[in-house]
Amino acid sequence: AQSVTQPDIHITVSEGASLELRCNYSYGATPYLFWYVQSPGQGLQLLLKYFSGDTLVQGIKGFEAEFKRSQSSFNLRKPSVHWSDAAEYFCAVGAATGGGNKLTFGTGTQLKVEL
Amino acid sequence: EPEVTQTPSHQVTQMGQEVILRCVPISNHLYFYWYRQILGQKVEFLVSFYNNEISEKSEIFDDQFSVERPDGSNFTLKIRSTKLEDSAMYFCASRTGGLAEAFFGQGTRLTVV
């Protein structure tokens, strides 16, 4: 069974500082990995995804993530955080099971940005 | 930009009542999903739907739940005889297929009292 672990429940960073959110996954085959962001009262917005190829993927809003197969990780990074980045971030792994490709989410990391 | 639309945004219902949550997926999408997020917990998969039938469902999706695509645009989740523990945010999602990502709606917050 697939699973996702996000070890950090809450993270606080200062505006302008760098950010790294951790994600570890468990999946038997090649994973389809995603990062979604959820702002208060909003739905889930896709930041970036990884299926194959270059292990460093670029997303929207200046985010990037690096896939490391040896560590079963897919950490999200941003060089300089903006106050508007305060939100909850979810890592997810997808499995192509009969075309359904359901997503399994981590518990999320709540990001607070100090001005 | 096309988006997944969910109605209502918030629904309050009494325990034991039936509720129908509605979703309009993106028009050219073929795969449809319902997820839920109990307050403070992770987003959980409920069911996937393709070609007018359920393709996969989780253990949560028992006989109390049903899904339907009654016409070419709507995708509904029915919860019969709601329980307090059904209180959650319910997200609808859709995607085209293959390796395409899922697009999520804004969610319906269901409160069972």
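On a predicted model such as this, the values are computed, not experimentally measured, just so you know.

Caption draft 1: Representation of the overall build of chain A in the model. A count of helical and extended segments in chain A gives zero helices and 12 strands. Counting helices and strands in the order they occur from the N terminus, chain A gives β-β-β-β-β-β-β-β-β-β-β-β. At 14 Å, chain A has a C-alpha radius of gyration in line with the 13 Å of a compact globule built from 115 residues. Based on the C-alpha atoms only, the size of chain A along its principal axes is roughly 45 × 30 × 25 Å. Taken across its 115 residues, chain A has 49% of its residues classed as buried. For chain A, contacts bridging at least 24 residues in sequence account for 54% of all contacts bridging at least 6. Entry remark: accessible area of chain A is about 5200 Å², with carbon and sulfur atoms responsible for 49%.

Caption draft 2: Representation of the confidence of the model for chain B in the model. Of all residues in chain B, 100% have pLDDT values of 70 or greater, and the mean over the chain is 94. Least confident of the elements in chain B is strand S6 (residues 53–57) of chain B, whose mean pLDDT is 93; most confident is strand S8 (residues 75–79) of chain B, at 98.

Caption draft 3: Examining the packing of aromatic side chains more closely. All told, the structure shown has 21 aromatic pairs over all chains when counted by the stated rule. An angle of 80° between the planes, with centres 6.4 Å apart, marks the rings of Phe91(B) and Phe104(B) as edge-to-face. With Phe91(B) in strand S9 (residues 88–95) and Phe104(B) in strand S10 (residues 103–104), the pair connects residues that are 13 residues apart, well separated along the chain. Residue Phe91(B) is classed as buried on the basis of its relative accessible area, which comes to 0%. Here Phe104(B) falls in the buried class, since its relative accessible area comes to 9%. Each member of the aromatic cluster is reached from another via a ring pair, and the members are Tyr32(A), Phe34(A), Tyr36(A), Phe51(A), Phe90(A), Phe105(A), Tyr33(B), Tyr35(B), Phe45(B), Phe91(B) and Phe104(B).

Caption draft 4: Highlighting the state of the cysteines. Applying the stated rule across the entire model yields two disulfides over all chains. Between the sulfur of Cys23(A) and that of Cys91(A) lies a disulfide, 2.0 Å long from S to S. Of note, the bridge from Cys23(A) to Cys91(A) carries an S-S torsion of about -65° and is left-handed in sense. Placement of Cys23(A) in the loop between strand S3 (19–21) and strand S4 (24–26) and of Cys91(A) in strand S10 (residues 87–94) is noted, with a sequence separation of 68 residues between them. Assessed through its relative accessible area of 0%, Cys23(A) is described here as buried. With its sulfur 2.0 Å from that of its partner, Cys23(B) forms a disulfide with Cys92(B). Because the sign of the S-S torsion sets the handedness, a value of about -65° for the bond joining Cys23(B) and Cys92(B) places this disulfide among the left-handed ones. On the criterion of sequence distance, the pair formed by Cys23(B) in strand S3 (residues 19–24) and Cys92(B) in strand S9 is long-range, its members being 69 residues apart. Cys92(B) matches Cys23(B) in its accessibility class, with the two residues each being buried.

Caption draft 5: Just the pattern of salt bridges, in detail. Residue and element names in this part refer to chain A. Tallying each qualifying case throughout the model produces seven salt bridges over all chains. Of the charged contacts in the structure, one is a salt bridge between Glu 64 and Arg 77, with a shortest N-O distance of 3.3 Å. Taken together, the residues Glu 64 in strand S8 (residues 64–68) and Arg 77 in strand S9 (residues 73–78) connect sequence positions 13 residues apart. Owing to a relative accessible area of 22%, Arg 77 belongs among the partly exposed residues under this scheme. Residues Glu 66 and Arg 77 are paired through a salt bridge, measuring 3.2 Å at the closest nitrogen-oxygen approach.

Caption draft 6: Quick peek at the environment of Glu64(A). Residue and element names in this part refer to chain A. The exposure class assigned to Glu 64 is buried, which follows from its relative accessible area of 19%. Linking Glu 64 and Gln 6, residues 58 residues apart in sequence, is a C-alpha distance of 17 Å. Among all residues touching Glu 64, those that are not within four sequence positions of it are Leu 48, Leu 56, Val 57, Gln 58, Asn 75, Leu 76 and Arg 77. Only 3.2 Å separates the side chain of Glu 64 from the side chain of Gln 58, close enough to count as a polar contact.

Quick notes on the rules
Residues numbered from 1 in each chain as written. Chains lettered and ligands numbered in written order. Predicted model: local features only at pLDDT ≥ 70, side-chain atom pairs only at ≥ 80, totals over all residues. Heavy atoms only, no water. Helix = DSSP H or I, 4+ residues; strand = E, 2+ residues; numbered from the N terminus. Rg over C-alpha atoms; globule rule 2.2 N^0.38 Å. Buried < 20%, exposed > 50% of the residue type's maximum accessible area, 1.4 Å probe, protein only. Contact = heavy atoms within 4.5 Å. Areas by Shrake-Rupley, 256 points an atom, 1.4 Å probe, with all protein chains shown as cover. pLDDT = per-residue confidence, 0-100. Phe/Tyr/Trp six-rings, centres within 6.5 Å; stacked < 30°, edge-to-face > 60°. Disulfide = S-S within 2.5 Å. Salt bridge = Lys/Arg side-chain N within 4 Å of Asp/Glu carboxyl O. Polar contact = N/O pair within 3.5 Å; in protein donor to acceptor, adjacent residues only side chain to side chain.

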